Amino acid sequence: MPIIAPDARALTDWYGRSARDLPWRRAEFHTVYGAWGTLVSEFMLQQTPVARVIPHLEAWLDRWPTPAAQAAATPAEVVRQWANLGYPRRALWLHRAAIEIVDRHGARVPRDVESLLALPGIGDYTARAVAVFHYGDRHPVVDTNTRRVIARAMDGRSQPGPPSRRDLQRMTELLPADDADSALFNAAMMELGATVCTARTPRCEACPIALQCGWLAAGRPDTGDTRRRPARYEGSDRQTRGAVLKALRDAAGLATPMESVLPDWPDRAQRDRAIDSLIADGLVEASDGMLRLPA
DNA sequence: CACTCGTGGGT
DNA sequence: TACCCAAGAGT
């Protein structure tokens, strides 16, 4: 399989014509909220679809427009505002990150990747997304979309394998030398994967780098999927945790007797296990047999 | 590396 | 209708 790098110019030209108008791509968004806005958007976008994030992001930044404002909130307020975005630990991590930003970075979101990586809830993707999409520095931003584009165009595979550190290295080799060009390239790879080179039904007829795509050249073969099958959600502990936390969010700040949380849940042991794990994560507080969101 | 951790919309 | 999947991170 000959390795042909995507044509960066063709890709960024396409991005200039076709990019979606998303809030965090507007200049005004960066002017008003600075790196904090980008950080919040990236937290929300971790495994939550763009369309569902947008209204929550606007409400969030309206309420907490700076790291200092965020740090002054309580965990209960944060978890309730997170609502049904999913993976509510992200809300706690964002809150803790804000506190560290205030305490250790002068209330300014740090610019260097190492400092960003040291904050809770910030990994390889989010750290570089902030450094690139707000600060404009040159780093490889690798998300699931980017990995799929690389897997198809350069490896001739129908789907990417599991994430690995090699992804970062390969993306680095593709980046244009100029800072601004490389930021555009990062965004364009993600946008291509999100809107054209999609997981299920790719629209190769609309792809700006179709001529360089090894997978298309090979006739779009199904090369198999090396990713593991996700555990069943129905009846899972995750579903139970979600139901418990939703009940406590809906309790509007009042403590709830432990027995009256999901009283009709089929598996009582599973319900208790979910409560215990939520307490261990800091998402729920227990005292005298009562449960509430953490103060 | 393998596994956990929510939620809702699209096909 | 049952999946599939979504700008990942932590352990």
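Residues numbered from 1 in each chain as written. Chains lettered and ligands numbered in written order. Predicted model: local features only at pLDDT ≥ 70, side-chain atom pairs only at ≥ 80, totals over all residues. Heavy atoms only, no water.

1. A look at the protein's contact with DNA strand B
Residues in close proximity to DNA strand B total 17 residues, the closest being Arg52, Pro88, Arg228, Arg238 and Arg241. At the protein interface, 54% of the atoms of DNA strand B within 4 Å belong to sugar or phosphate. Within the side chain of Arg52, an N or O atom sits 2.7 Å from a base oxygen of DNA strand B. The contact in question runs from a base nitrogen of DNA strand B to an N or O atom on the side chain of Arg238, over 2.8 Å. Ranked by residues supplied to the surface near DNA strand B, first place goes to helix α13 (residues 237–250) with four residues. (Near = heavy atom within 4 Å. Polar contact = N/O pair within 3.5 Å; in protein donor to acceptor, adjacent residues only side chain to side chain. Helix = DSSP H or I, 4+ residues; strand = E, 2+ residues; numbered from the N terminus.)

2. Things to note about empty space enclosed by the protein
In total, this model carries one cavity of 30 Å³ or more according to the counting rule given. Its boundaries defined by the atoms lining it, the largest cavity holds a volume of some 100 Å³. The wall of the largest cavity is formed by 15 residues, among which Arg152, Cys197, Cys204, Cys207 and Cys213 lie closest to the centre. Where the lining of the largest cavity is concerned, the elements lending two or more residues are α9 (144–155) and α12 (214–217). A per-element tally of the lining of the largest cavity places α9 first, with three residues. Here the residues of the lining of the largest cavity sort into 13 nonpolar, no polar and two charged. (1 Å grid on protein atoms, 1.4 Å probe; cavity = no way out; pocket = protein on both sides within 12 Å on 5 of 7 lines; lining within 4 Å. Points joined across faces, edges and corners; volume = space filled by probe spheres on them. Nonpolar A, V, L, I, M, F, W, Y, C, P; charged D, E, K, R; others polar.)

3. Remarks on the pattern of salt bridges
Enumeration over the complete set of coordinates arrives at 15 salt bridges. Where Arg111 meets Asp137, a salt bridge forms, and the shortest distance between an N and an O atom there is 2.6 Å. Here Asp137 lies in the loop between α8 (124–133) and α9 and Arg111 lies in the loop between α6 (89–104) and α7 (113–117), a separation of 26 residues in the sequence. Judged by relative accessible area, which is 42%, Arg111 ranks as partly exposed. Overall, the relative accessible area of 16% leaves Asp137 in the buried class. A network of salt bridges, in which partner residues are shared, links Arg20, Arg25 and Glu191. (Salt bridge = Lys/Arg side-chain N within 4 Å of Asp/Glu carboxyl O. Buried < 20%, exposed > 50% of the residue type's maximum accessible area, 1.4 Å probe, protein only.)

4. What to know about the sheet that holds strand β3 (residues 290–292)
The antiparallel open sheet is built from three strands, whose spatial order is β1-β3-β2. The sheet is open, and its two edges are formed by β1 (256–257) and β2 (285–287), each paired on a single side. Relative to β3, β2 is paired through three bridges, and the arrangement is antiparallel. Its bridge partner lying in β3, Ser287 is registered against Met290. (Pairing = 2+ DSSP bridges.)

5. Some details on the domain arrangement of chain A
The domain architecture assigned to chain A consists of domain 1 (1–228) and domain 2 (237–292). A C-alpha centroid distance of 33 Å is found between domain 1 and domain 2. Contacts between the two partners involve nine residues from domain 1, matched on the other side by 10 residues from domain 2. The largest share of the area that domain 1 buries against domain 2 comes from Val79, Arg80 and Arg89, three residues that together contribute 52% of it. If you look at where domain 1 meets domain 2, you find zero salt bridges. The tally of links from domain 1 across to domain 2 stands at four residue pairs in polar contact (both at pLDDT 80 or more). Those elements giving two or more residues to the side of domain 1 that touches domain 2 turn out to be α5 (75–82) and α6. In terms of residue count, α6 provides more of the side of domain 1 that touches domain 2 than any other element does, three residues in total. Of the residues that constitute the side of domain 1 that touches domain 2, the class distribution is five nonpolar, one polar and three charged. (Domains from an automatic or database assignment. Contact = heavy atoms within 4.5 Å. Buried area = accessible area lost by both parts, 1.4 Å probe.)

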